[in-house]
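Coordinates in review
Each chain, letter by letter, is given below.
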Amino acid sequence: MEETQAELLVVTERLEQLDGQRNVALERKKHSNENEQVMYETLQQLESKISAQESQKQVLVQDKLEKETALEVFLKEKKALEAKLAEYSNLSEEAIENMKSDYIELRHTQTTMKNDIGYLERQLLQMQGRSEKLDHENQQHITDRNEIIANVEHLTKHLEDMQTQLAEQMAHYQKIQQVLTKQEATFAKEEREMYRQYEVIQQAKSRQETLAELADDYAGFFQGVREVLKAKKKLDGIMGAFVELVEIPEHYQKALEIALGANAQHIIVRDDQAARDAIRYLKETRAGRATFLPLSTIQPRQLPTATKHALEQQPAFVALASDVLTYDAHIENVILNALGTTILAKDLKGANTLAKLVNFRYRVVTLDGDVVNAGGSMTGGATAQGKSSIMTRKHELENLSKTIAQMTHSVEKTEQQFTVLKEGVKEKREQLEEARSVGESLRLQETELLGKKERAEERLALANKQLQIYDMEKEEGATEQEQLTARKEKLEQELAVLAMEIIDKDERIQQMAEQSKAQEHNRASDQEAYSTLKSRVAVGREQLQTAEQALAKLELDMSEHYQEKEAITSKLAMLQTNLETVHTNTEELAETIENTRTEKEETAVRRDELREQRSKLQESLAEQEEALQQKHNQASFYMEQKTAAEVGLSRLDADVDNRLERLSEAYVLTFEAAKARAMADVDIDNARSKVRLLKRSMDELGVVNIGAIDEFERIKERFEFLNGQQEDLLEAKSTLFQVMDEMDEEMKKRFEASFTAIQTEFAIVFPELFGGGQARLILQNPDEVLTTGIDIEAQPPGKKLQNLSLLSGGERALTAIALLFAIIRVRPMPFCILDEVEAALDEANVTRFSRYLKKFETNIQFIVITHRKGTMEEADVLYGVTMQESGVSKLVSVRLEETAELIK
C-alpha cells in the first residue's frame, strides 16, 4: 500500500513537471515566431542597402582608374625633368660649395697634421729630457738603496743583541718573581700566624680581665661571704676566705675542691670578736649569711701517727689533704681542722681499701673527686665541665698570666721574623720593580729598533720599487719614442700627399665655377616647369587618395552588411530548427502527459484496492495479536511456577546437605545409621528441648583443665601479692594526698605572702619609673590562689586607670619592667641577665630605666644586652664583639669607670 501511494505521488509530481515543460515549450515557440518575423524584415532591409552600395562601388572604381592614369602621365613627365635637372646639378652652386668645403677641410687637415708633427717633435724633446732625468734619479736610487741595505744589516745585528739582553733580563725577572712568590707565601703565612697569636693573646687577655673582674667582685661566693669580703676594709680582723689563703696544686685541684666543699667559702678571722662583728654587719645590711673560722678558737685535727704510718705503706695512698696545700703558718690550725683528717687516694678502689684500713673513721677522696665518707657511704659520679670555680679561678689566672707572657714572647719572635720577612719581601719587590723597569726599557729599545728596522725595510722596498719603476718607465719611454718617430714620419708623408690634393682641388673649383655661369639660364626654365609638374602630381595624388579612401569606406560598410546578413540568416536557420524541435517536443510532451495521466488513474485505482486489503489485514492482525497475548500470559504463568518450584527444590537440596553435614559433624553419623537408630514413637518437640538443655549443660561445664590445681596455686599467690601491693598503693596514695594538701597550704601561704609583697613593691616602683601615676596587681579569684589569674591595672601620669592590654607598647614594656624590679626588691638575687627589655621604650623612659637599674648595683650584678645608648651610658663595663676580619670575631671591653683616666 505504501509503495503504491509513493508511486502515485511520484507520477503526480512527474505529471506536474511535464505540464510545466509543455507550457515553457509553447511560450518559447510563440517567442521564436515573433523573432523570425523581425529577422525577415531586417534581412530585406540589408539586401536593399547592399544592392545600392554595389552600384556606388562601380562608380568609385571607375573614378579611381581615371585618376591613376592621369597621375602616371604626370609622373613620367616629372621623371624626365628630374633627369634633365640632374645633369645641371653637377655644375650647380651646391656642388661648387661642396667642393669648396672639401678644399677647406683638406686645409684644416693639413694644418692639423703640421700641428701634430710639431707636437710630436716637442714630445720627442721632452722624452729625451725625461730619460736623462730618469737616469740621474735612478743613480740616486741605487745609492740610497745601498745605504738602506747597510742600515738594515746594522739594525738587524743591534736588534739581535737587544733581544738577547731582553731574554736574559726576562729570565732574571722570572727568577726574582719566583723567589718573591715563595717569600710572599711565607710572609702571608707568618702574617696569618702572627694575627692568630694576636687573637689568642687578646682572647686570653679578655679571659684574664673577666676572671680578674670576677675575682675583684668575689663572683661565685655566697652573698654573705661576698659582702663580708667586700667590706673587709671596714671590718677589723677579716683575713679572707679559706680558698683565697691557700695555694692548691693543679694536680690535686679536683680532689680538694670536693674535699673542701662549702668550707672553701668559710671566712678566716683573727678571733671570735671579729666573727661577731662580721655577723652583726650581715644582719644590719641584711646581706645574707656566712661561716667564720676564728684563729683563736679553731683547733687542729690530725690522724694518729700510727694510722698515718700505716696509710703511707699503702700503694693507693697519695697524701693527706692538708699536706698538699701551701699556706701561711698562722692559719695552720684552720687548715688542719678542715683537711687534717682527709685522705687522698689514687682511685676509688684504693679509697675503699684505705677506708677499711682506718675502719671508716675518716673521709677518703680520690684524685677524680670520688668520696668514701666516714661511716662507709660513698659519693661519686661526673662533675660539671667548663665552669670556672672559685678554687680554680686563681690558678687559671696564674696560668693565663704565664700563658700570656709566653705567647707575648712568641709573638715578639714572630714579629721579628715577620719584620725580617717583610724587609726581604720589600727588597725583592724593589729588585723585581728594578728588573721590570730595566726590562721595560729594553723592551722599549727593542720596539724602537723594530720600528727603525721596519721603516728601513719599507724604505728599501720603496727603493727597489723605484728601481723597478725606472726600468719600466725606461722601457716604456724607448717604445713610445720609437712610436712617436714613426708617427712623425708617417704624418710628414701624408702631409706631402695632402698638399698635392689641395692644389688639384683648387683647380677643379675654378673650372666648375666657369661652367656654372654658362648653364645657369637653361636650368632656371627647366626648374620652373618641374615645379609646375610637381604641383600637378601632388594634386593627382591627393585626388587618388580621396577616391581610394571613399572606396575603402564603402567596401568596409558592404563587408559589415554582408556579415550582418549572414548572421541573420544563421539565426533564422537556427530559429526554424528550434521551432521544429519545440513543435516535436510539444507533441511528445502532450503524449507523455496523456500517458502519465492514464498511469496516475491506474495507480489511484490500485491504491484504493490496496487500502481495502490493508483494512482487512489489520482486522485479522488484531485478532491474531490478541490470541498471541493470551498465549504469552499463559507461558509467563507457567514459567513463574517452574521457577518457584526450582527455587524450592534448591532450598530443599541445600537443607538436606546442611542436615547431613550437621549429622556428620555433630553426631558422627551417616544418614543410613541415623535412620536405623531412629525411634518412630518419640515426640520430636520434646526431644529437641532435651537436646538443647543437654547442650547448654555441656557448654556450661566448659573444657576440662588438667592443670587447674597448679594454676590455682599460682593465681592464689599472685592474688595475695597484688592485694598487698594494692594496700601499699592505697596507703601511699593517702599519704601523697596528705602531703599534697600540706604543700598546697604551704604554697598558698607563700604565694599570698609573696604576692602581697610584690603588690606593695609594684605600687612603689611603678610611679618611680613613670614619674607618677599608680598601678596595682589584682587576683582574679582570691579564693583559689593556686589557679587564679592575675590582672595588672596601670594608670600612667595623665591617663585614666585601665587594663595593661589597653596601654601602648612602650607603656606595657615599662610596666613589665616595673613588675620585674618589684619582684627583685622582694626576692633579691646575686645575678640577673636582661635581654633588650627596654627596646620598646623612648629615650626618656630608657634614661629612667637605666638610672633605676643603678639603684641595685650594690646588691645585684646585672648583665644587660642592649642597643640603646642611654642604657650603655649608665653601665660600668661594656662588652662588644667586632669582626675586623671576615670570619674572625674579637671581644672588646671598656670599663667606663676608667674613662676619666683614659681621657687624661
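Coordinates for the structure precede this section.
Everything numeric here is computed off the predicted structure, so don't read it as measured data. (Residues numbered from 1 in each chain as written. Predicted model: local features only at pLDDT ≥ 70, side-chain atom pairs only at ≥ 80, totals over all residues. Heavy atoms only, no water.)

Concerning the packing of helix α12 (residues 708–770) against helix α14 (residues 843–853)
Our working rule: Only the stretch in contact is used when a helix axis is fitted, and all axes are lines through C-alpha atoms; the angle between N-to-C directions ranges over 0 to 180 degrees. The helix count covers DSSP runs of H or I at least four residues long, the strand count covers runs of E at least two residues long, and both are numbered beginning at the N terminus. Should an angle fall under 35 degrees it is taken as roughly parallel, and over 145 as roughly antiparallel, whereas 65 to 115 is taken as roughly perpendicular and any remaining angle as oblique. Residues are treated as being in contact if the distance between any of their heavy atoms lies within 4.5 Å. Note on residue classes: Ala, Val, Leu, Ile, Met, Phe, Trp, Tyr, Cys and Pro are nonpolar, Asp, Glu, Lys and Arg are charged, and everything else, Gly too, is polar.
One can describe the packing of α12 onto α14 by two numbers: an axis separation of 9 Å at closest approach and a directional angle of 130°. In terms of their interaxial angle, α12 and α14 are classed as oblique. The residues of α14 that touch α12, namely those facing V765, E768, L769 and F770, are R848, F849 and Y852. A breakdown of the residues in the contact of α12 with α14 according to their chemical character gives 5 nonpolar, no polar and 2 charged.

Looking at the side chain of D370
Its location among the elements puts D370 in the loop between β8 (364–366) and β9 (371–372). Sequence-distant contacts of D370, defined by excluding residues within four places in its chain, comprise L348, V364, V365, T379, G380 and G381.

Let's talk about a nonpolar patch on the surface
Our working rule: Patch membership needs two things, relative accessible area over 30% and no salt bridge, and members are linked within 9 Å if like-charged or within 5 Å if nonpolar (Val, Leu, Ile, Met, Phe, Trp, Tyr). Here the accessible surface of atoms and residues is derived via Shrake-Rupley with a 1.4 Å probe, and residues count as covered only by protein chains that are part of the display. What counts as a salt bridge is simple: a side-chain nitrogen of Lys or Arg found within 4 Å of a carboxyl oxygen of Asp or Glu. Partly exposed residues are those whose accessible area sits between 20% and 50% of the maximum for their type, while under 20% is buried and over 50% is exposed, using a 1.4 Å probe and protein chains only.
On the surface, a nonpolar cluster with roughly 330 Å² of combined accessible area is contributed by V739, M743, M747 and L786. With respect to the helices and strands, V739 occurs in helix α12. On the accessibility criterion, V739 (35% relative accessible area) is partly exposed.

Some words on the sheet that holds strand β11 (residues 774–779)
To keep it simple, the criterion reads: Here, strands pair whenever DSSP counts at least two bridges between them.
With antiparallel pairing, the 3 strands of this open sheet are ordered in space as β11-β12-β13. Single-partner strands in this sheet number two, and they are β11 and β13 (802–803). One ladder, built from 6 bridges, connects β11 with strand β12 (residues 790–795); its direction is antiparallel. The residue of β12 that forms the bridge with R776 is E793. In this fold α12 packs onto β11 and β12, with an angle of close to 165° to the strand it touches most, β11.

Side note on the pattern of salt bridges
Counted under the stated rule, the structure contains 11 salt bridges. The closest approach of N and O atoms between E746 and R750, which form a salt bridge, is 3.0 Å. Placement of both E746 and R750 in helix α12 is noted, with a separation of 4 residues, approximately one turn of the helix. For E746, a relative accessible area of 36% gives the class partly exposed. Among the ionic pairs, R868 bridges to E843, the shortest N-O distance being 3.1 Å. Residue R868 is located in the loop between β15 (861–865) and α15 (869–874), and its partner E843 is located in helix α14; the two are separated by 25 residues in the primary sequence. Judged by relative accessible area, which is 10%, R868 ranks as buried.

Notes on the sheet that holds strand β4 (residues 292–294)
An order of β1-β3-β4 is seen for the 3 strands of this open sheet, with the pairing classed as mixed. Since the sheet does not close on itself, it has two edges, and those belong to β1 (238–241) and β4, each with one partner. Strand-to-strand twist across the sheet, computed as the mean angle between neighbouring axes with direction ignored, equals 25°. Alignment of strand β3 (residues 267–269) against β4, held across 3 bridges, turns out to be parallel. The partner of I268 across the bridge, within β4, is L293. The sheet contacts of helix α3 (residues 223–230) involve β1, β3 and β4, and relative to β1 the element is tilted by about 140°.

Quick notes on the packing of α12 against helix α13 (residues 809–826)
Short version of the rule: By definition, any crossing whose near helix is turned counterclockwise from its far helix by less than a right angle is left-handed, and any crossing with a clockwise turn is right-handed.
Direction vectors running N to C along α12 and α13 enclose 130°, while the axes themselves pass 8 Å from each other. For the element pair α12 / α13, the angle class is oblique. Two packed elements cross with a definite hand, and for α12 against α13 that hand is right-handed. Contact with α12, carried on its side by A757, I758, E761, F762, I764, V765, F766, E768, L769 and F770, involves E811, L814, T815, I817, A818, L819, F821, A822, I823, R825 and V826 of α13 and no other residues of that element.

Focus: the environment of R812
Mapped onto the fold, R812 is located in helix α13. With relative accessibility at 36%, the residue R812 sits in the partly exposed group. C-alpha separation for the pair R812 and L841, spaced 29 residues apart in sequence, amounts to 9.4 Å.

A short note on the packing of aromatic side chains
For clarity, the cut-off: Working definition: rings of Phe, Tyr and Trp (its six-membered ring) pair if their centres are within 6.5 Å, and the pair is stacked with planes under 30 degrees apart, edge-to-face with planes over 60 apart, and tilted otherwise.
Evaluation of the coordinates by the stated rule reveals 9 aromatic pairs. Judged by centre distance (5.9 Å) and plane angle (55°), the rings of F637 and Y638 are tilted. Note on F637: relative accessible area 45%, which makes it partly exposed. The interplanar angle of 35° and the centroid separation of 5.1 Å between the aromatic rings of F821 and Y852 together place this pair among those described as tilted.

Comments concerning the nonpolar core
What counts is decided by this rule: Joining through side-chain atoms within 4.5 Å is the link that ties buried Ala, Val, Leu, Ile, Met, Phe, Trp, Tyr and Cys residues into a set, and such a set is a nonpolar core.
With 44 residues, the main nonpolar core has V228, F242, L256, F292 and L339 as its most contacted residues. Those elements that place two or more of their residues in this core are α3, β1, α4 (253–260), β3, α5 (272–285), β4 and α7 (332–339). Per-element accounting of this core gives the leading share, 5 residues, to α5. The residues touching L339, leaving out its near neighbours within four places in the chain, are L256, A259, L260, A321, S322 and L325. Judged by nonpolar contacts, the second largest core, of 31 residues, contains F755, L777, A813 and F821.

Comments concerning α5
Short version of the rule: Helix span, as expected, comes to 1.5 Å for every residue beyond the first. The arc in question is traced by the directions running from the helix axis to the C-beta atoms.
Taking 1.5 Å of rise per residue, the 14 residues of α5 would be expected to cover 20 Å, and the 20 Å separating its terminal C-alpha atoms lies within 8% of that figure. Taken residue by residue, α5 has A274, A275, A278, Y281 and L282 as its buried positions. Angular distribution of buried residues about the axis of α5 spans 120°; they occupy a single face of the element. In α5, the exposed positions angled more than 90 degrees off the buried face are occupied by K283 and E284. Elements that come into contact with the buried residues of α5 comprise α3, β1, β3 and β4. Of the residues flanking the end of α5, it is R286, one or two places downstream, whose phi is positive at about 50°.

As far as function goes, none of this settles anything; it's purely spatial.
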